[in-house]
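This is what each chain is made of:
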Amino acid sequence: MSMARQSSDYGRLTPKMMVELAAPHTWPASIFPVLTAVALAFATDAAAMAGALSGLTVCILLAISVLFQSAVNTINDYFDYVKGTDTAENQDDPTDAVLVYNNVDPRHALAYAIILIACAFSLGIYCIVLAGWIPLAIACVGVLIVFLYSGGRTPISYLPIGELVSGITMGGLITLASYQVLTLRFDPLVLVWSLPLILGIGLIMMTNNGCDIEKDIEANRRTLPVLLGHERTVAAYHGAVYAWVLSICAIVLLFFTKGWVVLPFMLLAVHPLGRALLANPLVPRTRGAAFGQCTSLNVALGAFYAAAIFCAAI
C-alpha cells in the first residue's frame, strides 16, 4: 500500500476513529491481568492485606495497560493497512479496518500509537519511582514485542507463535509487572498463576486467525491456523478452551484453596458462554460473533478467577 499521496489529500484523524483504532472491545485483555495481579497481591502479601495497597497505584496500572493495548491495536491496523493485508474486499467491518474505510493518512495513525505509548511511559514513571527498574525493563520488552508483532520484514503475527507471544506478553508480563509494583516483590511464580490469562488472551488471537485462514494464505501469513488447516484448528481451539477452564480450577485448588467455593458458580455461569463459543464454526462470516463470544468468556472467567484468588485472602 503506497503512502506517496500528499498529506493534504487526506482527511483528519477524528476522535471517533481514534476510539475505533484503540478498539475498546479488546480492553479486557489488558484490564484483567492488572485485576488478577491485585487479587494475587491480596492473597500473597501481608502488607496489601493490611491496607497498604494503593488505589492510585491500581488506577495507574490499569491506565498504563489500557494505553498499551490501544497502541497495539492501532499499530496492528497501521501495518495491516500499509502492507495491504487489510482491504475493503476482505474486511467488511469498517470499525475493524479504520484506515481502509476512511481517508486518513496512515502516518497519523502511527503517530497516535506512539503518543499512546509515550503516555503509558509517562505514567510509568510513578511505578519506576515506587518499585524500581524491573517494571521499566518489562515495559521495554513489551514495547519491543508490540512493534515486532506487526512490523518488520517477518512480523510475529505472520508466524505460528503469534498466539503464544500475545498471550505471554499481555497475560503474563503485565500481570508480573503489576504484581511487582503492587508488592515490591518479583516472583516468577506469578507467570504460573497467569496461565489462565495467557490461554484466554492467546485464544482471542486464535479466534481472529482461525476465522481468517483464507485471507492469511493470500497475504502469505503462516499463522498457526494456516499451518493446521481449518479442521485441526477447530479441534485445537476446543482443546485450548477446556485447558483454559481446567487451568483455573487446578491453580485455585493447588495454590488458593479457599477459593474453591467460587469454582462451582464459575462453571455454571460460563457454561452457556463456553457452549456458544465451542459451537462457532470459526469461519469468516462468524468472525464477529466468535470474537464477541471469546471476549465475553475472557471477562467471565477473568472475573471469577480474580474472585477465587480474593477469597483465598479472607
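Residues numbered from 1 in each chain as written. Predicted model: local features only at pLDDT ≥ 70, side-chain atom pairs only at ≥ 80, totals over all residues. Heavy atoms only, no water.

Right, let's talk about the packing of aromatic side chains for a bit. Applying the stated criterion to the full structure yields six aromatic pairs. An angle of 75° between the planes, with centres 5.0 Å apart, marks the rings of tyrosine 78 and phenylalanine 79 as edge-to-face. With a relative accessible area of 16%, phenylalanine 79 lands in the buried category. (Phe/Tyr/Trp six-rings, centres within 6.5 Å; stacked < 30°, edge-to-face > 60°. Buried < 20%, exposed > 50% of the residue type's maximum accessible area, 1.4 Å probe, protein only.)

Relative to the helices and strands, alanine 41 is located in helix α2 (residues 28-44). Along the chain, alanine 41 and threonine 85 lie 44 residues apart, while their C-alpha atoms are 42 Å from each other. (Helix = DSSP H or I, 4+ residues; strand = E, 2+ residues; numbered from the N terminus.)

Turning to the pattern of salt bridges, a few remarks are in order. The tally for this structure, following the rule as stated, stands at four salt bridges. Residue glutamate 20 pairs with lysine 16 through a salt bridge whose shortest N-O separation is 2.7 Å. Placement of both glutamate 20 and lysine 16 in helix α1 (residues 15-22) is noted, with a separation of four residues, approximately one turn of the helix. With a relative accessible area of 57%, lysine 16 lands in the exposed category. Residues arginine 107 and aspartate 105 are paired through a salt bridge, measuring 3.0 Å at the closest nitrogen-oxygen approach. We classify arginine 107 as partly exposed; its relative accessible area is 37%. According to the relative accessible area criterion, aspartate 105 is buried, its value standing at 1%. (Salt bridge = Lys/Arg side-chain N within 4 Å of Asp/Glu carboxyl O.)

In this structure, asparagine 73 sits in helix α4 (residues 55-82). Here threonine 26 takes part through its side chain, which lies 2.7 Å from a polar atom of the side chain of asparagine 73. Asparagine 73 has contacts with Leu21, Ala22, Ala23 and Thr26, leaving out every residue within four places of it along the chain. (Polar contact = N/O pair within 3.5 Å; in protein donor to acceptor, adjacent residues only side chain to side chain. Contact = heavy atoms within 4.5 Å.)

The next thing to look at is the packing of helix α8 (residues 162-183) against helix α10 (residues 195-211). Packing of α8 against α10 leaves a shortest axis separation of 7 Å and a crossing angle of 145°. Note on packing geometry: the crossing formed by α8 with α10 is right-handed. Residue-level inspection shows Gly162, Glu163, Ser166, Gly167, Ile168, Met170, Gly171, Gly172 and Thr175 of α8 in contact with α10, the latter providing Leu197, Ile198, Ile201, Gly202, Met205, Met206 and Asn209. Considered class by class, the residues forming the contact of α8 with α10 number seven nonpolar, eight polar and one charged. (Axes fitted to C-alpha atoms, helices over the stretch in contact; angles between N-to-C directions. Left-handed = near helix turned anticlockwise from the far one by under 90°. Nonpolar A, V, L, I, M, F, W, Y, C, P; charged D, E, K, R; others polar.)

On to the confidence of the model for the protein. Of the residues in the protein, 91% have a pLDDT of 70 or more, and the chain-wide mean is 88. Ranking the helices and strands of the protein by mean pLDDT puts helix α13 (residues 230-255) first, with 97, and helix α3 (residues 46-52) last, with 54. (pLDDT = per-residue confidence, 0-100.)

With that settled, the discussion passes to helix α7 (residues 134-150). The terminal C-alpha atoms of α7, which comprises 17 residues, lie 25 Å apart, in line with the 24 Å expected from a rise of 1.5 Å per residue. Three or more residues of α7 are buried, namely Ile134, Pro135, Ile138, Gly142, Val143, Ile145, Val146, Tyr149 and Ser150. Buried positions along α7 lie against α4, α6 (106-131), α8 and α10. (Expected span 1.5 Å × (residues − 1).)

Time to look at the environment of leucine 61. Mapped onto the fold, leucine 61 is located in helix α4. Residue leucine 61 is classed as buried on the basis of its relative accessible area, which comes to 7%. In sequence terms leucine 61 and leucine 263 are 202 residues apart; their C-alpha atoms lie 27 Å from each other. Each residue touching leucine 61, except ones within four places of it in the same chain, is listed here: Val34, Cys127, Ser178, Val181 and Leu182.

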